[in-house]
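# A closer look at the structure
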Amino acid sequence: MSKQFDVVVIGGGPGGYIAAIRAAQLGFQVACIDEWKNAAGGPAPGGTCTNVGCIPSKALLQSSEHFDHANHHFAEHGISAKDVKMDVAKMIARKDNVVKQNNDGILYLLKKNKVTFFHGRGSFAGQAEGGYTINVAGKTEEAITAKQVIIATGSNARALPGTPFDEVNVLSNDGALRVGTVPKKLALIGSGVIGLEMGSVWRRLGSEVTILEGLPTFLGAVDEQIAKEAKKAFDKQGLKIELGVKVGEIVNGKKGVTVNYTNAKGEAVVLDADKLIISIGRVPNTIGLNTEAVGLQLDERGAIVVDADCKTNLPGVWAVGDVVRGPMLAHKAEEEGVAVAERIAGQHGHVNFNTIPWVIYTSPEIAWVGRTEQQLKADGVAYKAGSFPFLANGRARALGDTTGMVKMLADATTDEILGVHIVGPMASELIAEAVVAMEFRASAEDIARICHAHPSLSESTKEAALAVDKRTLNF
Ligand code: FAD
Ligand code: NAI
């Protein structure tokens, strides 16, 4: 007889493993199936985020930032560091170790919460009495059943038609995190989040980086003023970003890759590079899930169709994270996982899509929550804007990084905060205050009246709130 569970979670990324833990906390018998393998063939839960996404990319960003500081910023502090070298193999090994610590941490958490972990591929075998049978194909094959199934199978990198990833010269995010030596010339297609983060890593380490972007605008989803400020900083660093290009033939040869493209002026350009990273978005992943066996509905992009509560077209089957609509972010996947587990338990799980923060971990960092100025204009909302430059912040001066600003947008009538946009040092941490403020529907005046520690970067958020009412104190 097959093993029976109350809840089976397919996928052990941030959506899946968090859903499994929350369901177990709520008293259910839970199984979590994940197929990711580490180099030794063992389990490596954590999904894209832990293995080839959030965590390893931030590890490389940190290493490369140290290198950049040693080369370009130590001197102004009176520190001389001559002949600074980067051991790429050691940097990659450190990154791998950071990933392993996270894999092990997740295995420990699953065990601690009494979640049964299966290492292998889960697929629908069909309906079972009052629920579903899921086949698990790992080292051995077995079938398990559950009344409730949560699908959290994530996403995969989108390839350019005709240019498959070989992970040697033509790289997805996976290969981009494993490059063994600094490429002299690196080309990237797509100046979205991965393009900018990965481009920054290798530029800091000495690559000549060119990013080709199809759209005529830079970071179209970001507040225009913030995107402009970020672009200025990237240009100054030597990150070459070409907008409005049309990528043509790509030749993956023995010595490297040649990208033929038409630039914004309509001129034909040939770009030779040692490596090419393609970062043009991601596609929802349902490979091997055998959705046909149960009639699970997918949309034209291949995403699992869900309602606002993450319910699919099948009773007792839910889907969360990258495999469904909405932003492809780890914290969004986690929030959905928790909410679904709570709904299964009869509680009122809740995800507020209006307060999901975004962060791009470049230097300067870019972070935002809520609506941009261009969105408010398009929505016909009357708003007030206030901004404060890090140039006027004492802590930023002491840190030696005064790039950027905090910008706050508030309703013209009620003063409710509608969006906060930051480009500059530690934007990833500063944005948390804005998320809390928006979640509690704070006004700009609320933030302006709160005591912020001095000297801290967070004083810039307070000053931006004061600026909404045209009364900054330090600018
Ligand atoms: P995933 O993390 O993709 O996990 C899905 C898991 O399911 C995988 O382990 C997969 O092997 C497994 N699986 C799939 N099918 C089956 C099956 N049939 N049986 C068993 N197992 C299966 N987001 C952020 O919020 N912050 C960041 O800084 C960030 N950085 C990123 C950097 C890069 C380079 C990339 C590529 C992504 C980054 N993301 C970041 C996005 C983030 O990784 C995803 O949004 C997040 O991982 C989605 O979580 P998930 O649980 O939906 O899916
Ligand atoms: P993206 O959607 O962020 O950016 C893709 C870019 O490629 C866009 O600017 C798009 O206009 C461009 N593009 C698409 N097709 C093109 C073509 N044929 N030629 C030229 N340009 C083209 O996708 P990306 O960078 O691949 O990242 C995928 C997702 O992973 C992100 O959207 C995000 O959800 C997640 N992620 C999050 C991170 C974070 O939170 N810090 C870091 C990295 C990834």
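### Describing the packing of aromatic side chains
Tallying each qualifying case throughout the model produces five aromatic pairs. With 6.0 Å between their ring centres and 90° between their planes, F5 and F118 make a pair best called edge-to-face. Of this pair, F5 sits in strand β1 (residues 3–10) while F118 sits in strand β3 (residues 116–128), and the two are 113 residues apart along the sequence. Taking the relative accessible area as the measure of exposure, F5 reaches 11% and is therefore buried.

### Overview of the layout of surface pockets
In this structure, the second largest pocket occupies an estimated 1,100 Å³ of space. Ranked by the residues each element gives to the lining of the second largest pocket, the list is headed by helix α3 (residues 54–72), at nine residues.

### Thoughts on the site of ligand 1
Taken together, 39 residues form the shell around ligand 1, and within it D34, T48, K58, G122 and D322 come nearest. One of the backbone nitrogen or oxygen atoms of E35 is found 3.2 Å away from a nitrogen atom of ligand 1. For ligand 1, an oxygen atom lies 3.2 Å from a polar atom in the backbone of L329. Isolated, ligand 1 exposes 1,000 Å² of accessible area, and the fraction of that covered by the protein chains is 94%. Elements that contribute at least two residues to the shell around ligand 1 include exactly α1 (14–25), β2 (30–34), α2 (47–52), α3, β3 and α8 (330–344). Looking at the shell around ligand 1, the element that brings in the most residues is α2, giving four residues.

### A word on the nonpolar core
L196, W202, F218, L219, F234 and I366 are the most contacted members of the largest nonpolar core, which totals 35 residues. Mapped by element, the contributors of at least two residues to this core are α3, α4 (88–112), β8 (185–189), α6 (193–204), β9 (208–212), α7 (224–237) and β18 (365–370). Excluding residues that lie within four positions of it along the chain, L219 makes contacts with S191, L196, A227, I360 and I366.

### A short note on the sheet that holds strand β21 (residues 417–424)
Across the sheet, five strands lie side by side as β17-β18-β21-β20-β19; this open sheet has antiparallel pairing. Looking at which strands have only one partner, the edges of the open sheet turn out to be β17 (358–360) and β19 (383–389). Going from strand to strand, the sheet's axes swing by 10° on average, the running direction of each strand aside. Relative to β21, strand β20 (residues 405–411) runs antiparallel, the two sharing six bridges. What sits directly across from K407, in β21, is H421. Where helix α11 (residues 427–439) meets the sheet, its contacts fall on β17, β18 and β21, and the angle it forms with β18 comes to roughly 10°.

### Quick look at the domain arrangement of the protein chain
With domains assigned, the protein chain is organised as domain 1 (3–157 + 283–351), domain 2 (170–280) and domain 3 (355–468). Distance from the C-alpha centre of domain 2 to the C-alpha centre of domain 3: 29 Å. Facing 18 residues of domain 2, the contacting portion of domain 3 comprises 21 residues. Carbon and sulfur atoms supply 65% of the area buried between domain 2 and domain 3, which totals about 1,600 Å² over both sides. Inspection of the region where domain 2 meets domain 3 yields one salt bridge. Between K407 and D223 there is a salt bridge, with the nearest N and O atoms lying 2.8 Å from each other. Mapped by element, the contributors of at least two residues to the side of domain 2 that touches domain 3 are α6 and α7. Its residues assigned to classes, the side of domain 2 that touches domain 3 comprises nine nonpolar, four polar and five charged.

So, how was this worked out
- Residues numbered from 1 in each chain as written.
- Chains lettered and ligands numbered in written order.
- Predicted model: local features only at pLDDT ≥ 70, side-chain atom pairs only at ≥ 80, totals over all residues.
- Heavy atoms only, no water.
- Phe/Tyr/Trp six-rings, centres within 6.5 Å; stacked < 30°, edge-to-face > 60°.
- Helix = DSSP H or I, 4+ residues; strand = E, 2+ residues; numbered from the N terminus.
- Buried < 20%, exposed > 50% of the residue type's maximum accessible area, 1.4 Å probe, protein only.
- 1 Å grid on protein atoms, 1.4 Å probe; cavity = no way out; pocket = protein on both sides within 12 Å on 5 of 7 lines; lining within 4 Å.
- Points joined across faces, edges and corners; volume = space filled by probe spheres on them.
- Near = heavy atom within 4 Å.
- Polar contact = N/O pair within 3.5 Å; in protein donor to acceptor, adjacent residues only side chain to side chain.
- Areas by Shrake-Rupley, 256 points an atom, 1.4 Å probe, with all protein chains shown as cover.
- Core = buried A, V, L, I, M, F, W, Y, C linked by side-chain atoms within 4.5 Å.
- Contact = heavy atoms within 4.5 Å.
- Pairing = 2+ DSSP bridges.
- Axes fitted to C-alpha atoms, helices over the stretch in contact; angles between N-to-C directions.
- Domains from an automatic or database assignment.
- Buried area = accessible area lost by both parts, 1.4 Å probe.
- Salt bridge = Lys/Arg side-chain N within 4 Å of Asp/Glu carboxyl O.
- Nonpolar A, V, L, I, M, F, W, Y, C, P; charged D, E, K, R; others polar.

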